[in-house]
Every structure is written in C-alpha cells, then in structure tokens.
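Observations on the three-dimensional arrangement
Listed below, chain by chain, are the residues.
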Amino acid sequence: MKNTIIKKPESKRVSLCLGVIPWVATLLVAAISPIDAAPIGSAGNLSERLAPAEKVISGRVLAEDTKEGLPGATVSLKGVPGVGTMTDVQGNFKLTIPGNKGTLIFSFVGYRSKEISIGDKSAVEVTLETDVYSLSEVVVTGYGSQKRENLTGSVATISSKKLMDVTTPNVANMIQGKIPGVEVTSNTGQPGGLPTIRIRGRASIVSSTDPIWVVDGVIWHGVPNLNPGDIESMTVLKDAAAGALYGSRGANGVLVVTTKGGKFGKKNQYWFKAETGISQFNNGNFKLMDFQQLYDYWGGFYAADGKNKANLPEYYKPALLQTNTDWLKLGTQNGKIQQYTLAFQGGGEKSTIYASGNYYKEEGSVKGYNYERFSTRVNMDYELSPRVIFKPK
C-alpha cells in the first residue's frame, strides 16, 4: 500500500516536464530566427526571397516589310543604363537582366521603336514596323538612299506634307520658296504654265541651265506631268558632289521625286479628296487710260498743219469721248479651281499596290485661258524572292 502511494506523484512530475519542453522550443526558434517573423500565409515575400538574381532573355527581331531578321538592332532594358545588346546578322539576341521584371526596348534606324514587358517570358520575337516619318533621316539620292549624316554634298529634302499646302497642277510650283538655293519663277499667269527653275543661279551662258528630274529612278528632261498628291518626298541635289551620279547632265542640279507606294502587311485604305478655290487677277500698279486720257494722248501727236493726221488711228474722233470701256473688267474674271483625287493603298505579305486618279480643272483669271487634266498612276511591288522584287510603275 505505501509503495503504490509513493509512485503516483513521480509519474505526474514527468508528464509536466514533457508538456513544458515544446513551449520552450517554440520560443527559442522565434528568438533565433527573427527574419522569418512575417505571417506564414505571405507567399509574395517568400517568392521574392527565392527569385534568382539574374535572368537571361533571348529572341529575334524581325522587319515588318521583309519578314527577315534585323542585324544591328538595339535591345535595351528600360530605365537601367548599361544593360543592353545588339542583334547578330540573323537578328538574334541574348541579354542578361537583373531580376525578372522590367521592359525591353527594341529600336532600329528607319523603324518604329517597340516596348515589350518581360514578365515570365524567357524568349521573345519582335516585329518592328517601318517608320514613314523617318524620310527626313534617310535621303533618296539617285538610285539609292543614304543617311543624312553620311552625305558630303549639298542636299535638301522636303516631305509631301510641306508640298501639299498649295493647289497647283504641276510639281515645280510646289517647291517655290521652300528650298534654299532653289529659285522658281513663274513665266506667265496662264493655268498649267511651267515655271523656270534655277538651282544656285545660272551655270552657263550658252547651254541649258534647267535641272533634270528623276522620278522613281527614271530621268525626265523637263518638269514631269505628275499629280502632286502622288509624291511621297522630294530631294534636291544642288552641287556637283551630290549629282555626280548623273555626270554632266546633273551640272545644273537634280530634283529626285519619290512617289507613294503600298505597304507590306498593311490594311487596304481608300480615300477621296476634293478641293476648290478661286483666283483673282492682280494688276499691281498697272492702270489703263480712260476715254479722255486716250483722246488727249493721240491729240498730242496731231500737228496743226495736219501732217500727222494720216498716222493717227481711225477711232481718233470726237465720238471717242462718248465711249468709255473698262478693258480690265471685260478681259478678266474670278478664276475657278477644281481638283478631285481618288486613291487606293494596300499590301499583302508579298505584294503591294498604290493606285490613284486625279482630275484637275482651272479657269484662268484672264478669259480664254483654261487648263484641264486627268491623270492616273499605279505603283506595284511584288516580291519574287527575298532578293528580287518586281516593281512596275
């Protein structure tokens, strides 16, 4: 009986000690690991601690118009200086970036820059679109094109937006007063009349001083009969260095015209444009004599002895004082200008097309001087192979 009473308290002490041990162990773990004191359900903090320090992004940069890789395209991480690379000859690239977040910027001369968010991507393929407004950076010279900074001659370029602020049937009048060193003088006020163009003055006394025109690589002697709305850009080669490709024919300067065309992979577009206006005769300080002034003018030649009477006009009679004709009013009018243009532009994967029709009619401010023209144009590009493109115009 006594032995049984002694053993029961010992068993209670052992169970009490075992219950205290887990509680003390929990306090020790919390004291040793203060970093992990965040809530257990916070998965975002855990993923950030487990994320790698660097990430490798690979991919390829393609051109929209040719569907081929762009060699030398720039790939950089937005907002992080010094992190970037360039594509190889096939347009491939590989870039190591810090962390797994950020935005890549893809850029190339003549194409629009593009931004791509990285996210969880490890490989990307980017297609850059051609930049129409980059014509100011790439200058068409003869049969090819060069970057403006590579040009050594005197060259001036003007876009179609600056040309279309004037309603005129010919191209030459559109560049009047817009290009330094190019003098455009209107010879007559007749509708459709061609002006005289001089680039850096008159270069010869005997020979012709007219510049030559090059429209889409074809040489024209004289102002080409083009619809001004079909022009994409115009380049003026002023000195001998710029026009050396054309030899002696380019001694008086060269005007290179590039017409509009379709775009590969672009949606079909139609547009219609209608213009109208009026023109007025400007006589400046020129004035005509009235009936009294004309009678007195011829009377000054009439001698008292009648010797000059036979040389006077038949209408020199006292009845002339009863006639007062306003010849300016009879011979002039408010001219009317009408122009209508319908155009289509489209393109697929291997072919493009641009077609337009233009109707121009002008009634001159001087009666009897009228001009009417109807013109059409079709520009096509067909890719027979990656190296051969058929371009009928």
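Here goes a summary of the coordinates provided. Here the structure is a predicted model, which is why all the values come from computation and not from measurement.

Points about the nonpolar core
If you look at the biggest cluster of nonpolar residues, it comprises 20 residues, and the most contacted ones within it are Ile-175, Val-182, Trp-213 and Met-234. Ranked by the residues each element gives to this core, the list is headed by strand β15 (residues 231–237), at three residues. Those residues within four positions of Val-182 in sequence are excluded, and the remaining contacts are Ile-175, Ile-197, Arg-198, Ile-199 and Val-236. Val-83, Tyr-111, Ile-116 and Ile-118 belong to the second-largest nonpolar core, a separate cluster that totals 19 residues.

A word on the environment of Ala-343
By secondary structure assignment, the location of Ala-343 is in strand β18 (residues 335–347). Sequence-distant contacts of Ala-343, defined by excluding residues within four places in its chain, comprise Gln-269, Tyr-270, Trp-271, Tyr-354, Ala-355 and Ser-356.

A closer look at the sheet that holds strand β3 (residues 84–86)
Read across the open sheet, the four strands follow the order β3-β2-β5-β6; overall the sheet is antiparallel. Across the chains shown, the open sheet's two edge strands, defined by having one partner strand only, are β3 and β6 (114–117). Taken pair by pair, the neighbouring strands of this sheet meet at an average axis angle of 20 degrees, ignoring direction. Pairing analysis gives four bridges linking strand β2 (residues 74–77) to strand β5 (residues 103–107), with the strands arranged antiparallel. When the bridges of β5 are listed, Ser-76 appears paired with Ile-105.

A closer look at unusual backbone geometry
Here Asp-216, not a glycine, exhibits a phi torsion of approximately 55 degrees, which is positive. Mapping Asp-216 onto the fold places it in the loop between β13 (212–215) and β14 (218–220). Residue Asp-216 is classed as partly exposed on the basis of its relative accessible area, which comes to 25%.

Rules behind the numbers
- Residues numbered from 1 in each chain as written.
- Predicted model: local features only at pLDDT ≥ 70, side-chain atom pairs only at ≥ 80, totals over all residues.
- Heavy atoms only, no water.
- Core = buried A, V, L, I, M, F, W, Y, C linked by side-chain atoms within 4.5 Å.
- Buried < 20%, exposed > 50% of the residue type's maximum accessible area, 1.4 Å probe, protein only.
- Helix = DSSP H or I, 4+ residues; strand = E, 2+ residues; numbered from the N terminus.
- Contact = heavy atoms within 4.5 Å.
- Pairing = 2+ DSSP bridges.
- Axes fitted to C-alpha atoms, helices over the stretch in contact; angles between N-to-C directions.

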